[in-house]
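# Descriptive analysis of the structure
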Number of protein chains: 6
Amino acid sequence: MKATVSRKAHFNAAHRLYRKDWSMAQNDLVFGKCNNPNYHGHNYDLTVSVTGEINKETGFVVDVKTLSDLIKEHIENAFDHKNLNLDVSDFEDLNPTAENIAVVIWNKLRPYIDSENDLEVVLYETPRNFITYKGN
Amino acid sequence: MKATVSRKAHFNAAHRLYRKDWSMAQNDLVFGKCNNPNYHGHNYDLTVSVTGEINKETGFVVDVKTLSDLIKEHIENAFDHKNLNLDVSDFEDLNPTAENIAVVIWNKLRPYIDSENDLEVVLYETPRNFITYKGN
Amino acid sequence: MKATVSRKAHFNAAHRLYRKDWSMAQNDLVFGKCNNPNYHGHNYDLTVSVTGEINKETGFVVDVKTLSDLIKEHIENAFDHKNLNLDVSDFEDLNPTAENIAVVIWNKLRPYIDSENDLEVVLYETPRNFITYKGN
Amino acid sequence: MKATVSRKAHFNAAHRLYRKDWSMAQNDLVFGKCNNPNYHGHNYDLTVSVTGEINKETGFVVDVKTLSDLIKEHIENAFDHKNLNLDVSDFEDLNPTAENIAVVIWNKLRPYIDSENDLEVVLYETPRNFITYKGN
Amino acid sequence: MKATVSRKAHFNAAHRLYRKDWSMAQNDLVFGKCNNPNYHGHNYDLTVSVTGEINKETGFVVDVKTLSDLIKEHIENAFDHKNLNLDVSDFEDLNPTAENIAVVIWNKLRPYIDSENDLEVVLYETPRNFITYKGN
Amino acid sequence: MKATVSRKAHFNAAHRLYRKDWSMAQNDLVFGKCNNPNYHGHNYDLTVSVTGEINKETGFVVDVKTLSDLIKEHIENAFDHKNLNLDVSDFEDLNPTAENIAVVIWNKLRPYIDSENDLEVVLYETPRNFITYKGN
């Protein structure tokens, strides 16, 4: 029997949508006010979901405490109260759109999730905009 | 790499569940208090989701501003502060159940979404009842 | 020791902002799209709060079950799935603005609340607009 | 045309994560503070979703009132204000993890859902932890 | 200039509404299903608010980190994953109604709040029922 | 008859807690990770409330459309997608703590609110931390 365990987490950060290899005009055209050179920021709400067999011994797919600790160690500690463009090396050459942040989070967590289980990341950039990424 | 971009929107409207070709007794039997001849109404919460490849140039599946504008033009402007039965031609011969409203919204948006991308609509009629429609 | 007990409730209804004694032009000027002659509607979220002494025997200010039943009998049964302008006599000569609906709800509940206790009503017309009324 | 109808419900209950056939030490090791012998508890939020063809006559996949009554009769009446370990026979020999509670809920509802329709259960144990179960 | 700083927190616990000095019949009459001898439980959501002068040096009324740590130490550690009736001495002779839990929380926190500042506690027992206590 | 009209709004921004006239060590000691020199950010949720007499002609305390436009013009346009420290002159010499941002918002709106009405601002910096300011 397969089920999905989901855990919500939270971090807040500054960012700017911007490509170094584009002119300021092109960045403005595509990214608008999200290209403020002084940055803006968000409270990012994150839901991480793991799908797999329910262990008959424990009744868990995965211990939610273990999952929560993984998110804290690999995502919240890395991103919270940071400037994504300047402080997080993953975005040194990657535009921190919500899509790309979701992919980076998925890639950071995937090695720690049992290889037989599936992983999904949902990232809210604002209460009205969110991204879902399942790894392919 | 595929991801899903979701955008929330909102409209409020009056409606009545009712078929012209049924007797009042049959309408009452099937639709109960939702068949009030004087109408009742809802704050409809809408989530529109587009799934597709992340564009490597922009880091977007779709610009959420573009998606938000589409919803505003084709759904909010058409439905907000309206009587769905009387003011919206799509429901002239279609009972405005939440299921049918979701289908109408999907059909209105589909032509404006890149044909390679998938579209999903979630429509909350009340905070406790909602419909999901994916186009098939 | 005084405390406040609050209970949330819900009803949905159609309405129109409109004064019979005004011209259509004046109604449009003041009430805009809320003056749609075919009505529109809302999911109204209601919070009713009673402030008073904590009864030392029961540990209750008021039994929340009793409060919930009062709201169901006097408000939800009277307003839910109704057209406020046409189906609810309180609004026969009263424009059903959120302010006036909150006052009507307060007046309907006040006789059933212990005279030594205070009553407050919060009425959400949409998730972003709400009214607070305390009876004076 | 297929759509999904979802209905939210709620119950609150006490429970303890614990296997009778394990030592107290092993229960503590695996279940930590969730193994408090005096029990702890939760407000469980439940979303039940049914996917199937939209009936062309009614415009419903399933009448949400019928779905709501099924949840009330088979889940809320059975679980609300109960101790899951002591008062609910389904958990006499089954550890009431959120995963297992979701499976039990799915199994209780499945016989009442049209066999051509799909059933999904989402169970929030806390606002930050939830389980999704689709029956396989 | 005075402002109010509010911090939300969370704990879950089992409880039973019950007075040892009443008969089971009287407990049932007054507390109904909340008097289940095997206990039931809740996710309690707590908001703690401190009102006082904004410190001109720091721009804080109170450092929200300090407030958060106080709630963690004195409330969450004492109540989370506990049986309020059996595990928390404050309720040894006090019926753990939401009103009484709010008063106990206020009394536990008051000594750690600057005497010139006001303290308010809001305690959600369920998403629809909550208590406000200001200390008098 | 007095009532309160409340309107919710939203902006997102980068900021840093920091006093120019303090050493970096003292800023770190008091403001911790909120003193990241590269900034971090938030989705700020704002509720603006106006209390006054209900106008007998219109049934409004204040037209919520007017209130919403005031917030858009004076707050959202000024703060959204900005760096509060660098882009907003109000914070040129004022540390942008949530308390101080709430005071600035109140001061910006007060001139546009009828002098007989009261104004209150609630500012959520994160979903768990918020400030209330009433102008004194």
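These remarks concern the structure in this document. (Residues numbered from 1 in each chain as written. Chains lettered and ligands numbered in written order. Predicted model: local features only at pLDDT ≥ 70, side-chain atom pairs only at ≥ 80, totals over all residues. Heavy atoms only, no water.)

### A short note on the interface of chain D and chain B
- Every contact between the two is made by 21 residues of chain D and, on the other side, 19 residues of chain B.
- Of the roughly 1,600 Å² buried where chain D meets chain B, counting both sides, 51% is carbon and sulfur surface.
- Three residues stand out in chain D for area buried against chain B, namely K8(D), E57(D) and F60(D), and they jointly supply 29% of the buried area on that side.
- Across the contact surface, chain D and chain B share zero salt bridges.
- On inspection of chain D and its partner chain B, the count reaches nine residue pairs in polar contact (both at pLDDT 80 or more).
- Here the side of chain D that touches chain B gets nine residues from one element, more than from any other, and that element is strand β1 (residues 2-15) of chain D.
- For the side of chain D that touches chain B, a count of residues per class yields nine nonpolar, six polar and six charged.
- Judged from the four bridges that link them, strand β5 (residues 129-133) of chain B and β1(D) form a sheet pairing that is antiparallel. In the sheet register, I131(B) faces β1(D), and the bridge partner there is V5(D). (Contact = heavy atoms within 4.5 Å. Buried area = accessible area lost by both parts, 1.4 Å probe. Salt bridge = Lys/Arg side-chain N within 4 Å of Asp/Glu carboxyl O. Polar contact = N/O pair within 3.5 Å; in protein donor to acceptor, adjacent residues only side chain to side chain. Helix = DSSP H or I, 4+ residues; strand = E, 2+ residues; numbered from the N terminus. Nonpolar A, V, L, I, M, F, W, Y, C, P; charged D, E, K, R; others polar. Pairing = 2+ DSSP bridges.)

### Description of the interface of chain F and chain A
- In this assembly, 22 residues from chain F lie in contact with 22 residues from chain A.
- Interface area, chain F with chain A, both sides summed: about 1,700 Å², of which 48% is carbon and sulfur.
- On the chain F side of the contact with chain A, N38(F), N43(F) and H81(F) bury the most area, a combined 34% of that side's loss.
- Seen at the junction of chain F and chain A, the total is two salt bridges.
- Taken together, chain F and chain A are joined by 17 residue pairs in polar contact (both at pLDDT 80 or more).

### With respect to the relation of the copies chain D and chain B
- For the pair chain D and chain B, the relating rotation is 120°, the translation along its axis is 0.0 Å, and the fit reaches an RMSD of 0.0 Å. What the rotation and shift describe, once combined, is the action of a three-fold rotation axis. (Least-squares fit on C-alpha atoms with pLDDT ≥ 70 in both.)

### Here's the deal with the environment of Y39(F)
- With respect to the helices and strands, Y39(F) occurs in the loop between α1 (24-31) and β2 (40-53).
- The spacing of Y39(F) and L119(F) is 80 residues in sequence and 31 Å in space, taken between C-alpha atoms.
- Those residues in contact with Y39(F) that sit more than four places away from it in its chain are A14(A), K82(A), N83(A), A14(F), H15(F), R16(F), N83(F), N85(F) and L86(F).

### Points about the packing of aromatic side chains
- All told, the structure shown has 42 aromatic pairs over all chains when counted by the stated rule.
- Relative to F91(C), the ring of F79(C) lies with its centre 6.1 Å away and its plane at 55°, an arrangement referred to as tilted. Of the two residues, F79(C) is situated in helix α2 (residues 64-79) and F91(C) in the loop between α3 (84-87) and α4 (98-109); the sequence distance between them amounts to twelve residues. Side by side, F79(C) and F91(C) carry an identical accessibility label, which is buried.
- Here the aromatic cluster, defined as three or more aromatic residues joined through ring pairs, consists of F11(A), Y44(A), F79(A) and F91(A).
- The ring of Y18(B) is capped by R16(B), whose NZ or CZ atom sits 3.7 Å from the centre of that ring. (Phe/Tyr/Trp six-rings, centres within 6.5 Å; stacked < 30°, edge-to-face > 60°. Buried < 20%, exposed > 50% of the residue type's maximum accessible area, 1.4 Å probe, protein only. Lys NZ or Arg CZ within 6 Å of the ring centre and 35° of its normal.)

### Considerations on the pairing of strand β5 (residues 129-133) of chain F
Residues and elements named next belong to chain F.
- Judged by how many residues are buried, β5 sits mostly within the fold: five of five residues are covered.
- The alternating pattern of β5 places N129, I131 and Y133 on one face and F130 and T132 on the opposite face, and all of these are buried.
- Sheet topology note: the strand β4 (residues 118-126)/β5 ladder contains five bridges and is antiparallel. What sits directly across from T126, in β5, is N129.
- Taking the residues that link successive antiparallel strands as the turn, the β4-β5 hairpin has two residues.

### Digging into the environment of N136(B)
- Mapped onto the elements of the fold, N136(B) is located in the segment after β5.
- In this structure N136(B) comes out as exposed when scored by relative accessible area, which is 63%.
- For the pair N136(B) and V61(B), spaced 75 residues apart in sequence, the C-alpha separation works out to 22 Å.
- If sequence neighbours within four positions are ignored, N136(B) has contacts with M1(D) and K2(D).

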